[in-house]
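# Remarks on the overall topology
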Amino acid sequence: MNQLHAYIDAWRRHDVVGVLGTLTDDCVIIESYGPVYRCRERVEQWMRAWFGAGGSVDSWEITWQGTTGEALIAEWIFSCTWQGKAATFEGATIARLEGEKIAYLREYATTAPLYDWTGTWRD
């Protein structure tokens, strides 16, 4: 299992210690919504606050993954509950390793439902 898979798997289990174990001390995590978490201590603070406020990772299915050098890439379908509202969206993660740990991780999210374009756009 590569470190990105271990990171995602720990989030699915709501395992703060497991996530932190995949990260360098000075990691940078960028969420698709915009927040940037700099250092493992800030990631821990974020996770404990998110889970403490009732946030839940309901599913995080990796649909494709690849590795090139020190970069890990994954496409996924993510489902969570936040403030009582369930949400599901597709996205991708790019991560860079330093040794055996994630030093940088950036997530991107699809912002609209996907569809096959046939000559006209959806409104």
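Remember, predicted model here, so these are calculated numbers, not experimental data.

### Examining the side chain of Ser 56
Along the polypeptide, Ser 56 turns up in strand S3 (residues 56-68). Looking at Ser 56, its side chain comes within polar contact range of the side chain of Asp 58, at 2.8 Å. When neighbours within four sequence positions are excluded, Ser 56 is seen to be in contact with His 14, Trp 50, Ser 79, Cys 80 and Thr 81.

### As for the nonpolar core
The biggest cluster of nonpolar side chains holds 30 residues, and the ones touching the most others in it are Tyr 7, Trp 11, Leu 23, Ile 29, Val 43 and Trp 46. When residues of this core are traced back to their parent elements, those giving at least two are helix H1 (3-12), helix H2 (16-20), strand S1 (23-30), helix H3 (40-52), S3, strand S4 (71-82), strand S5 (85-98) and strand S6 (101-109). Apart from the residues within four sequence positions on either side, Trp 11 is in contact with Val 19, Trp 46, Met 47, Trp 50, Phe 51, Val 57 and Trp 60.

### Describing the packing of aromatic side chains
If you walk through the whole model with that rule in mind, you get 14 aromatic pairs. Between Trp 11 and Trp 46 the ring centres are 5.0 Å apart and the planes differ by 50 degrees, which places this aromatic pair in the tilted class. With a gap of 35 residues between them, Trp 11 in helix H1 and Trp 46 in helix H3 connect regions that are remote in the sequence. One exposure class covers both Trp 11 and Trp 46, and it is buried. Ring centres 6.0 Å apart and planes at 85 degrees place the aromatic pair Tyr 33 and Phe 89 in the edge-to-face group. Pair noted here: Tyr 33 is in the loop between S1 and strand S2 (36-38) and Phe 89 is in strand S5, with a separation of 56 residues, a long-range link. Using a relative accessible area of 14% as the deciding quantity, one classes Phe 89 as buried. Among the aromatic residues, those joined into a cluster by ring pairs are Tyr 7, Tyr 33, Trp 60, Trp 76, Phe 78 and Phe 89. One cation-aromatic arrangement involves Arg 96 over Tyr 104; the distance from NZ or CZ to the ring centre is 4.0 Å.

### Quick notes on the environment of Glu 98
Assignment of secondary structure puts Glu 98 in strand S5. Through-space distance from the C-alpha of Glu 98 to that of Ala 86 is 35 Å; in sequence the pair is 12 residues apart. Excluding its chain neighbours within four sequence positions, the residues that come into contact with Glu 98 are Thr 24 and Ala 103.

### Section: the pairing of S6
Looking at chain direction, S1 and S6 are connected through four bridges and run parallel. Residue pairing for S6: Ile 29 is matched across the bridge by Leu 105. Inspection of the sheet shows S5 paired to S6 by eight bridges, in the antiparallel sense. If you follow Ala 95 over to S6, its bridge partner there is Leu 105.

Thresholds applied
Residues numbered from 1 in each chain as written. Predicted model: local features only at pLDDT ≥ 70, side-chain atom pairs only at ≥ 80, totals over all residues. Heavy atoms only, no water. Helix = DSSP H or I, 4+ residues; strand = E, 2+ residues; numbered from the N terminus. Polar contact = N/O pair within 3.5 Å; in protein donor to acceptor, adjacent residues only side chain to side chain. Contact = heavy atoms within 4.5 Å. Core = buried A, V, L, I, M, F, W, Y, C linked by side-chain atoms within 4.5 Å. Buried < 20%, exposed > 50% of the residue type's maximum accessible area, 1.4 Å probe, protein only. Phe/Tyr/Trp six-rings, centres within 6.5 Å; stacked < 30°, edge-to-face > 60°. Lys NZ or Arg CZ within 6 Å of the ring centre and 35° of its normal. Pairing = 2+ DSSP bridges.

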